[in-house]
Amino acid sequence: MTRIAIYPGSFDPVTRGHEDIIRRSRHFADRVIVAVAVNPGKDPLFTLSERTEFLRVAVGDEAGVEIRAFDGLLAKFAEKVDATLVVRGLRAVSDFEYEFQMALMNRTLYEALETVFLVPDVGLTFLSSSLVKEVARFGGDVGMFVHPTVRAALAEKFAR
Ligand code: COA
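All figures in this text were calculated on a predicted structure; none of them were measured in a lab.

About the cut-offs
Residues numbered from 1 in each chain as written. Predicted model: local features only at pLDDT ≥ 70, side-chain atom pairs only at ≥ 80, totals over all residues. Heavy atoms only, no water. Pairing = 2+ DSSP bridges. Helix = DSSP H or I, 4+ residues; strand = E, 2+ residues; numbered from the N terminus. Axes fitted to C-alpha atoms, helices over the stretch in contact; angles between N-to-C directions. Near = heavy atom within 4 Å. Polar contact = N/O pair within 3.5 Å; in protein donor to acceptor, adjacent residues only side chain to side chain. Areas by Shrake-Rupley, 256 points an atom, 1.4 Å probe, with all protein chains shown as cover. Patch = residues over 30% accessible without salt bridge, like charges linked within 9 Å, V, L, I, M, F, W, Y side chains within 5 Å. Salt bridge = Lys/Arg side-chain N within 4 Å of Asp/Glu carboxyl O. Buried < 20%, exposed > 50% of the residue type's maximum accessible area, 1.4 Å probe, protein only. Right-handed = clockwise from strand over helix to strand, strands pointing away. Contact = heavy atoms within 4.5 Å. Nonpolar A, V, L, I, M, F, W, Y, C, P; charged D, E, K, R; others polar. Phe/Tyr/Trp six-rings, centres within 6.5 Å; stacked < 30°, edge-to-face > 60°.

Side note on the sheet that holds strand β1 (residues 4-9)
Logical step 1: Within the open sheet, the five strands sit side by side as β3-β2-β1-β4-β5. Their pairing is parallel. Each having just a single partner strand, β3 (65-70) and β5 (114-118) make up the two edges of the open sheet. Along the sheet, successive strands turn relative to each other by an average axial angle of 30°, direction set aside.
Logical step 2: Across five bridges, the pairing between strand β4 (residues 85-89) and β5 is parallel. Along β5, the bridge assignment pairs Gly-89 with Leu-118.

So this is what it looks like as structure tokens:
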């Protein structure tokens, strides 16, 4: 049986923290589908195709990792691609409540779907896409936190 996991998010943009979780997921899943959400609730800095492309550059060469965009319910997308696991990173206790609710809602919507929580590398636990964008917006160096392609794209975006 092939074990398929989904790692969903907005990835606006992908950070080293996300990359770390994707690589860790490969230890227990045969295939990891990184599911890039359209997410109309957030007003993204990068377009869906830019966010997807950054992921391709950052982790697209990893064996067993696929990058897909999705719209609508995660539970429906999971069922469509035969995934039985959702991977989420837990960076701090503050992440827990929301994650707990999402895990239960997703399993209610699609019974076969279990959520697995991974702890990122300790040096990456403070990262978020918003924080990276804020540092880049004000001219700070984000080279430690994102792939060089993302760093260049942020620099270009905020140079305008
Ligand atoms: N390293 C670095 N940053 C991380 C991280 C990690 N390991 N894990 C999470 N983050 C950051 C994200 O970049 C994001 O930052 P931002 O808010 O500054 O953009 C923040 O933490 C929150 O991440 P997350 O909770 O994954 O939010 P998201 O917007 O990236 O993704 C979806 C949320 C897309 C997974 C969720 O809204 C969804 O499933 N939507 C589909 C609709 C649906 O099914 N809804 C019902 C769900 S029950």
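There's plenty left to go through after this.
As for the site of the ligand
Logical step 1: In the vicinity of the ligand lie 26 residues, with Ser-10, Lys-42, Arg-88, Ser-129 and Ser-130 positioned nearest.
Logical step 2: Between His-18 and the ligand, the recorded distance is 3.1 Å, taken from a side-chain N or O atom to an oxygen atom.
Logical step 3: Asn-39 is positioned with one of its side-chain polar atoms (N or O) 3.3 Å from an oxygen atom of the ligand.
Logical step 4: Within the complex, the protein chains bury 83% of what would otherwise be the 930 Å² of accessible surface of the ligand.
Logical step 5: Elements supplying a minimum of two residues to the shell around the ligand: β1, α1 (16-25), α4 (93-109) and α5 (129-137).

What to know about a nonpolar patch on the surface
Logical step 1: Side chains of Leu-73, Met-105 and Leu-109 sit close together on the surface and give an oily, nonpolar patch of about 290 Å² of accessible area.
Logical step 2: Summarising the element assignment, Met-105 is placed in helix α4.

With respect to the pairing of β1
Logical step 1: With six of six residues buried, β1 is to be regarded as a mostly interior element.
Logical step 2: Neither face of β1 is left uncovered, since the one carrying Ile-4, Ile-6 and Pro-8 and the one carrying Ala-5, Tyr-7 and Gly-9 both have all their residues buried.
Logical step 3: Of the crossover connections in this fold, the one passing from β1 over α1 to the parallel strand β2 (residues 31-37) is right-handed.
Logical step 4: Across two bridges, the pairing between β1 and β4 is parallel. Looking across to β4, one finds that Ile-6 is bridged to Val-86.

A short note on the packing of helix α2 (residues 48-59) against helix α6 (residues 148-159)
Logical step 1: Following both chains from N to C, one finds α2 and α6 inclined at 150°, their axes separated by 9 Å at the closest point. Of the residues in α6, those touching α2 at Glu-50, Phe-54 and Val-57 are Thr-149, Val-150, Ala-153 and Lys-157.
Logical step 2: Looking at the contact of α2 with α6 residue by residue, the class counts come to four nonpolar, one polar and two charged.

Digging into the packing of aromatic side chains
Both the distance between ring centres and the angle between the ring planes are used here to describe each pair of aromatic rings.
Logical step 1: Summed over all chains, the structure comprises five aromatic pairs.
Logical step 2: With a centroid separation of 5.2 Å and 25° between ring planes, the pair formed by Phe-70 and Phe-77 is classed as stacked.
Logical step 3: What makes Phe-77 buried here is its relative accessible area of 6%.
Logical step 4: Plain terms: the ring middles of Phe-96 and Phe-100 are 5.4 Å apart, the flat faces sit at 25° to each other, and that makes the pair stacked. Linking Phe-96 with Phe-100, this pair stays in helix α4, spanning four residues, or about one helical turn.
Logical step 5: You can call Phe-96 partly exposed: its relative accessible area is 40%.
Logical step 6: With relative accessibility at 43%, the residue Phe-100 sits in the partly exposed group.

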